[in-house]
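Residue-level structural notes
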2 protein chains.
Amino acid sequence: MFSNACEYGLKALAYIASRSIENQRVKIWDVSKYAGSPAAFTAKILGKLSKENILNSYTGPNGGFQMSPDQLRDVKVADVVRIIDGDDLLVKCIMGLDGCNADKPCPLHYQYAGIKQNINKMLTNTSIYDLAVGLNAGETMLRREVK
Amino acid sequence: MFSNACEYGLKALAYIASRSIENQRVKIWDVSKYAGSPAAFTAKILGKLSKENILNSYTGPNGGFQMSPDQLRDVKVADVVRIIDGDDLLVKCIMGLDGCNADKPCPLHYQYAGIKQNINKMLTNTSIYDLAVGLNAGETMLRREVK
DNA sequence: TTAATTTAAGACAAAATTATCTTAAATATT
DNA sequence: AATATTTAAGATAATTTTGTCTTAAATTAA
């Protein structure tokens, strides 16, 4: 479904958002620790997302990563998936048939059509903020336990 | 969703099944041509599937690939996906959270639960035969046009 | 201005995936 | 038996993904 990079990116953002809601800026080691993702690799992913205005990064002491209220409000899971994995998951035919549609369907087209629609809904309707609130409420988690 | 290898495998099987229904055995070049997949790579995938009794292969003149009536009846898309891609798609957490469940859910758990269930249904309820009948009826296709 | 902290950027490397090519084995036909 | 046909198996290679390491740049504080 998602690539490792995308999973890391979403988990990192969920954590950063959960702290941003509390007006906290977090460092890459914190992110790595709480999201359970390799620090250097996650840093590279966050750099890419930062360039795309998904979150903000700051160098120097008191630096780190943070999401603005605007970003918390606007960024959807779909935006992150598109940046990291491209839009295959949102648009591609499940059998890889180029130009698959209701007129020229692949053999799985109709079985998959509803699922694809629901995946699109999930990705476009869920914001990073939505991922974060459950974390802060202790209702959801990013890893089994924090070392 | 599926790997390239899995897409090739499913398309190849759909074509082989469509010919097997007509009691025809097909050669790898035919498969490659009609499924639009690289021949040598597809052959390797079919070799693996053949070992797992998804279809039968025959060497020599009049050789090729064919599915038996039993295989046509019994083989589900899920079987093929499991052999080629493993069972991640059927069981894994969308965020990669180890041990994600309703008690310890990842932030996307509830949004994804229904989708995951529907993916499982699609894969376990659809047989390779189902993929083939639409092809023979001219209702579905495996590639834009055959060169 | 110097030193410490933190992310940025890119080189480097390991592993997985995708793909091709060559040789071997099996089978059928003559 | 010899030959042609076809898949099997494994070597090889290219590409992508995953991941680390080093150095640079930015920022803060003393």
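Everything below is about the structure shown above.
Notes on the structure follow. (Residues numbered from 1 in each chain as written. Chains lettered and ligands numbered in written order. Predicted model: local features only at pLDDT ≥ 70, side-chain atom pairs only at ≥ 80, totals over all residues. Heavy atoms only, no water.)

1. Details of the packing of aromatic side chains
Residues and elements named next belong to chain A. The cut-off we apply is this: Aromatic pairing here means that ring centres of Phe, Tyr or Trp (its six-membered ring) are within 6.5 Å. Orientation follows from the plane angle: under 30 degrees is stacked, over 60 is edge-to-face, and everything else is tilted. Secondary structure elements are defined from DSSP: runs of H or I of at least 4 residues count as helices, runs of E of at least 2 residues count as strands, and each element is numbered from the N terminus. Think of it in three bands: with a 1.4 Å probe and only protein chains considered, a residue is buried below 20% of the maximum accessible area for its type, exposed above 50%, and partly exposed in between.
Evaluation of the coordinates by the stated rule reveals four aromatic pairs over all chains. On the numbers, 4.9 Å between centres and 15° between planes, the contact of Tyr15 with Tyr34 is stacked. Taken together, the residues Tyr15 in helix α1 (residues 4-20) and Tyr34 in helix α2 (residues 28-35) connect sequence positions 19 residues apart. Residue class for Tyr15 comes out buried when judged on its relative accessible area of 9%. With relative accessibility at 31%, the residue Tyr34 sits in the partly exposed group.

2. Digging into the interface of chain A and chain B
Stated formally: Whether two residues are in contact is decided by their heavy atoms: any pair within 4.5 Å suffices. Two parts placed together each lose some accessible area under a 1.4 Å probe, and the buried area is that loss summed for both. What makes a salt bridge here is a side-chain nitrogen of Lys or Arg within 4 Å of a carboxyl oxygen of Asp or Glu, nothing more. In the analysis that follows, any N or O atom pair within 3.5 Å is treated as a polar contact, provided that within protein one partner can donate a hydrogen and the other can accept it, and provided that, for residues neighboring in sequence, both atoms belong to side chains. Here the term charged refers only to Asp, Glu, Lys and Arg, the term nonpolar to Ala, Val, Leu, Ile, Met, Phe, Trp, Tyr, Cys and Pro, and the term polar to all other amino acids, Gly among them.
Taken residue by residue, the interface counts 34 residues in chain A and 34 residues in chain B. Summed over both partners, the interface of chain A with chain B comes to about 3200 Å²; 68% of that surface belongs to carbon and sulfur atoms. It is Met1(A), Met95(A) and Pro107(A) in chain A that bury the most area against chain B; as a group they hold 19% of the surface buried on that side. Linking chain A with chain B are four salt bridges. The shortest N-O distance in the salt bridge between Arg144(A) and Asp98(B) comes to 3.3 Å. At the junction of chain A and chain B, the tally comes to nine residue pairs in polar contact (both at pLDDT 80 or more). A breakdown of the residues in the side of chain A that touches chain B according to their chemical character gives 20 nonpolar, six polar and eight charged.

3. With respect to the protein's contact with DNA strand C
To be explicit about the condition: One heavy atom suffices: a residue is near a molecule or strand as soon as one of its heavy atoms comes within 4 Å of it.
Lining the immediate surroundings of DNA strand C are 24 residues, of which Lys27(A), Lys44(A), Ser57(A), Tyr8(B) and Pro61(B) lie closest. Within 4 Å of the protein, the contacting atoms of DNA strand C are 79% sugar and phosphate, with bases supplying the remainder. Between Ile28(A) and DNA strand C, the recorded distance is 3.1 Å, taken from a backbone N or O atom to a phosphate oxygen. Within the contact set of DNA strand C, a phosphate oxygen lies 2.8 Å away from a side-chain nitrogen or oxygen of Tyr8(B). Of all the secondary-structure elements, those providing two or more residues to the surface near DNA strand C are α3 (39-51), β1 (56-58) and β2 (64-66) of chain A together with α1 (4-20) and α3 (39-51) of chain B.

4. Thoughts on the relation of the copies chain A and chain B
Just so we agree on the cut-off: Here the copies are superposed with least squares, the fitted atoms being C-alpha atoms of residues at a pLDDT of at least 70 in both.
With an axial shift of 0.0 Å and an RMSD of 0.0 Å, the rotation relating chain A to chain B amounts to 180°. The two molecules are tied by a two-fold rotation axis, judged by turn and shift. For chain A, the minimum C-alpha distance to the rotation axis belongs to Met1(A) and amounts to 2.4 Å. An overlap of 100% is found between the interface residues of chain A and their copies at the interface of chain B, pointing to a shared contact surface.

5. Considering helix α5 (residues 77-85) of chain B
Every α-helix carries 3.6 residues per turn, so stepping three or four residues along brings you back to the same face. Residues and elements named next belong to chain B. All of the buried residues in α5 are Val77, Ala78, Val80, Val81, Ile83 and Ile84. Here the buried face of α5 lies against α1, α3, α6 (88-91), α7 (109-125) and α8 (128-136). Remark: Gly86 follows α5 within two positions and exhibits a positive phi of approximately 80°.

6. Examining the environment of Arg82(A)
All names here are of chain A. Mapped onto the elements, Arg82 comes out in helix α5 (residues 77-85). Between the alpha carbons of Arg82 and Leu123 there is a distance of 9.9 Å; along the sequence they are 41 residues apart. With near-sequence residues (within four places) excluded, Arg82 lies in contact with Asp87 and Leu90.

7. Re unusual backbone geometry
Its identity is not glycine, yet Asn62(A) carries a phi of approximately 65°, on the positive side. Within the element layout of this structure, Asn62(A) appears in the loop between β1 and β2. Given the relative accessible area of 64%, Asn62(A) is considered exposed. Located in the positive-phi region is Asn23(B), a residue other than glycine, with phi close to 60°. For Asn23(B), the location among the structural elements is in the loop between α1 and α2 (28-35). By relative accessible area, Asn23(B) is classed as exposed at 66%.

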